[in-house]
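Take a look at the letters that make up each chain.
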Amino acid sequence: MTGAATPLLELTALTGGEFAALAGLTLLAGIVRGFSGFALSAMVMATAVVILPPVELIPMLWWLEMAASLIMVRGGWAAADRPMAYGLALGALVGWPLGLSLTLALPVETSKALALGVIVLLAAAQLARLRIPGLATKAGLYGTGVAAGFASGVAHVGGMVVAFYILAAERSARVMRATLVLYLFLGATTSMVVLTLFGVMDFSGITRGLVFAVPTILGVVLGQMLFTERLSGYYRPLCLILLIGLASVGLVRSQLV
């Protein structure tokens, strides 16, 4: 890459190949987020962790999630269970610092394996439609929020934890999708404080986030065009199977390096 691309490579501190790979991955993740309402961060983390460590991907993912949420939250606000989303976001504020502290304390390779392992476990549990007794209670609401915040601090995949609570509450696919979108929007607005206090939201995280927000937004728009209520039942299983496969490959690669 030369010419106009050179300043972008300097801003993002990436090689040409890494930049092209991240552009393609964020476009794909945006499409998945647009039609499923979740999995943007999980999709990027599961694939891009071979390019950048989790602690560098997490601040970038904040901007991608915010960009996607700004597009999707308006249409999903009316359908969302707002009290549920508020309670989950409040609990996440407690869990975020705990997960981020662990990520910062671990060696890079260990944090990669942890992030990918969390994604595989959460995706497999959701694919099996695991129901946790007593989750659909007030205590379950805030406890799920804390767990989601912790998962976000480790791998920025809190939305996958939140899906367990919504599944236990037996919500419709439309309400589930809208509530996830609203939670992710609220989580993005509050987690910026945590990322800033921990010094993780640095210049490279901001620039990468802003640059790769462009293909992400394009992907979200395309994904929303693909979304139809008639096919909504197929979206989640397909996304979860894809996530398990990608994260598993990443785990194997990280152990072989």
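For clarity, every value in this text was computed on a predicted model and none was experimentally measured. (Residues numbered from 1 in each chain as written. Predicted model: local features only at pLDDT ≥ 70, side-chain atom pairs only at ≥ 80, totals over all residues. Heavy atoms only, no water.)

**What about the packing of aromatic side chains?**
The full count for this structure, using the stated rule, is two aromatic pairs. For the ring pair F19 and F212, a centre distance of 5.1 Å and an interplane angle of 45 degrees mean the geometry is tilted. Taken together, the residues F19 in helix α2 (residues 16-36) and F212 in helix α10 (residues 203-226) connect sequence positions 193 residues apart. Take F212: its relative accessible area is 1%, and that puts it in the buried class. (Phe/Tyr/Trp six-rings, centres within 6.5 Å; stacked < 30°, edge-to-face > 60°. Helix = DSSP H or I, 4+ residues; strand = E, 2+ residues; numbered from the N terminus. Buried < 20%, exposed > 50% of the residue type's maximum accessible area, 1.4 Å probe, protein only.)

**Overview of empty space enclosed by the protein**
Following the criterion strictly, the structure yields one cavity of 30 Å³ or more and no others. By volume, the largest cavity amounts to about 190 Å³. What lines the largest cavity is a set of 20 residues, and nearest its centre among them are E65, H156, G158, G159 and L184. By residue number, the principal contributor to the lining of the largest cavity is helix α9 (residues 173-197), which donates five residues. (1 Å grid on protein atoms, 1.4 Å probe; cavity = no way out; pocket = protein on both sides within 12 Å on 5 of 7 lines; lining within 4 Å. Points joined across faces, edges and corners; volume = space filled by probe spheres on them.)

**Considering the environment of E18**
On the secondary structure map, E18 appears in helix α2. It is 9.9 Å that separates the C-alpha atoms of E18 and V50, two residues lying 32 residues apart in sequence. Of note is the side chain of E18, whose polar atom sits 3.0 Å from the backbone nitrogen of T15. (Polar contact = N/O pair within 3.5 Å; in protein donor to acceptor, adjacent residues only side chain to side chain.)

**What to know about the nonpolar core**
Grouped together as the largest cluster of nonpolar side chains are 85 residues, with contacts concentrated most on M45, V157, M160 and L243. If near-sequence neighbours (up to four positions away) are discounted, M160 is found in contact with F38, A42, I119, L122, A123, Q126, L240 and L243. (Core = buried A, V, L, I, M, F, W, Y, C linked by side-chain atoms within 4.5 Å. Contact = heavy atoms within 4.5 Å.)

**Remarks on the pattern of salt bridges**
Proximity of charged atoms lets side chains of opposite charge pair with each other. For the coordinates displayed, the defined rule picks out three salt bridges. Between E65 and R33 there is a salt bridge, with the nearest N and O atoms lying 2.8 Å from each other. In this pair, E65 sits in helix α4 (residues 54-76) while R33 sits in helix α2, placing the two residues 32 residues apart along the sequence. Looking at E65, the relative accessible area reads 6%, which means it is buried. Overall, the relative accessible area of 0% leaves R33 in the buried class. (Salt bridge = Lys/Arg side-chain N within 4 Å of Asp/Glu carboxyl O.)

**Looking at a nonpolar patch on the surface**
Together, I217, L218, V221, L222 and M225 make up a nonpolar patch on the protein surface, roughly 440 Å² of accessible area in all. Tracing the chain through its elements places I217 in helix α10. Here I217 falls in the partly exposed class, since its relative accessible area comes to 34%. (Patch = residues over 30% accessible without salt bridge, like charges linked within 9 Å, V, L, I, M, F, W, Y side chains within 5 Å. Areas by Shrake-Rupley, 256 points an atom, 1.4 Å probe, with all protein chains shown as cover.)

**Focus: helix α3 (residues 40-48)**
Buried residues dominate α3, accounting for nine of its nine residues. Buried within α3 are the following residues: L40, S41, A42, M43, V44, M45, A46, T47 and A48.

**Some points on helix α6 (residues 108-127)**
Its 20 residues place the ends of α6 29 Å apart at the C-alpha level, agreeing with the 28 Å of an ideal helix rising 1.5 Å per residue. All of the buried residues in α6 are S111, K112, A115, L116, G117, V118, I119, V120, L122, A123, A125 and Q126. Just beyond α6, the residue with positive phi is R129, at close to 55 degrees. (Expected span 1.5 Å × (residues − 1).)

**Quick notes on the packing of α2 against α3**
Close contact between α2 and α3 brings their axes to 8 Å; oriented N to C, the two are set at 150 degrees. In terms of their interaxial angle, α2 and α3 are classed as roughly antiparallel. Between α2 and α3 the crossing geometry is right-handed. Mapping the contact onto sequence places L22, L25, T26, A29, V32 and R33 in α2 and L40, M43, V44, T47 and A48 in α3. Partitioned by chemical class, the residues of the contact of α2 with α3 number eight nonpolar, two polar and one charged. (Axes fitted to C-alpha atoms, helices over the stretch in contact; angles between N-to-C directions. Parallel < 35°, antiparallel > 145°, perpendicular 65-115°, else oblique. Left-handed = near helix turned anticlockwise from the far one by under 90°. Nonpolar A, V, L, I, M, F, W, Y, C, P; charged D, E, K, R; others polar.)

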